[in-house]
Amino acid sequence: MSAIAMSDLDSLLQRYDHSHENLIPVLQEVQSQFGFLSPEAIRHTAEHLNISIHDIFSVASFYSQFRFHKPGKHCLKVCGGTACHVRGSDNVLDALERQLGIEPGQTTANGEFSLERVMCVGACALAPALVKDDTVYGRLTQNKVDRLLNEDAHDPVATPGTGTGHLESIRSE
Ligand code: FES
């Protein structure tokens, strides 16, 4: 973390008193400002709130909203909810892991993609589905997964404003 980022983090932390109850709001603000929870940010948060680093990891790991790795330029969230699982979401995830060479929670070395496994994204009728950035892609096949990785030619099954596909209306985190 750069000196500037560290001073931004210190300013952020100074807005909160040392109460343990501030942990979740602090982590949310840190992630919002820096994009993820870096080891340095966790260490400073632990010092400020008088909580062990281990406890912060335990709490933050419980909530899928928190990331411990810098996100990629594009974020792929594969739905692992029941409807998607029944319709083969594990195959979709396997294909992405193979092609990107990463596992959920990781980012490709070139910083292009990060991969996550999330619960229902609210598009069960389109199972198996995933969210790439703010767009839902459904009824996924191997071909569609290939296109997703190579596009800029967007080909979402559900488009903004349909009421079924726009992430703003179905965000599940
Ligand atoms: S279970 Fe996948 S979108 Fe609902």
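Bear in mind the structure is a predicted one, so any value in this text is a computation, not a measurement.

## With respect to the side chain of K132
- As for its placement among the helices and strands, K132 is situated in strand β3 (residues 130-132).
- The buried category is assigned to K132, whose relative accessible area is 3%.
- If we skip the residues at most four places from it in the chain, K132 touches H74, C75, L76, F113, Y137, L148 and E151.

## Looking at unusual backbone geometry
- Cis geometry marks the peptide bond from A127 to P128; its omega dihedral reads -5°.
- Its place among the elements puts P128 in the loop between β2 (113-118) and β3.
- Its identity is not glycine, yet N50 carries a phi of approximately 55°, on the positive side.
- You can call N50 exposed: its relative accessible area is 60%.
- Non-glycine residue R139 carries a positive phi angle of around 45°.
- Relative to the helices and strands, R139 resides in the loop between β4 (135-137) and α7 (142-150).
- Note on R139: relative accessible area 46%, which makes it partly exposed.

Analysis parameters
Residues numbered from 1 in each chain as written. Predicted model: local features only at pLDDT ≥ 70, side-chain atom pairs only at ≥ 80, totals over all residues. Heavy atoms only, no water. Helix = DSSP H or I, 4+ residues; strand = E, 2+ residues; numbered from the N terminus. Buried < 20%, exposed > 50% of the residue type's maximum accessible area, 1.4 Å probe, protein only. Contact = heavy atoms within 4.5 Å.

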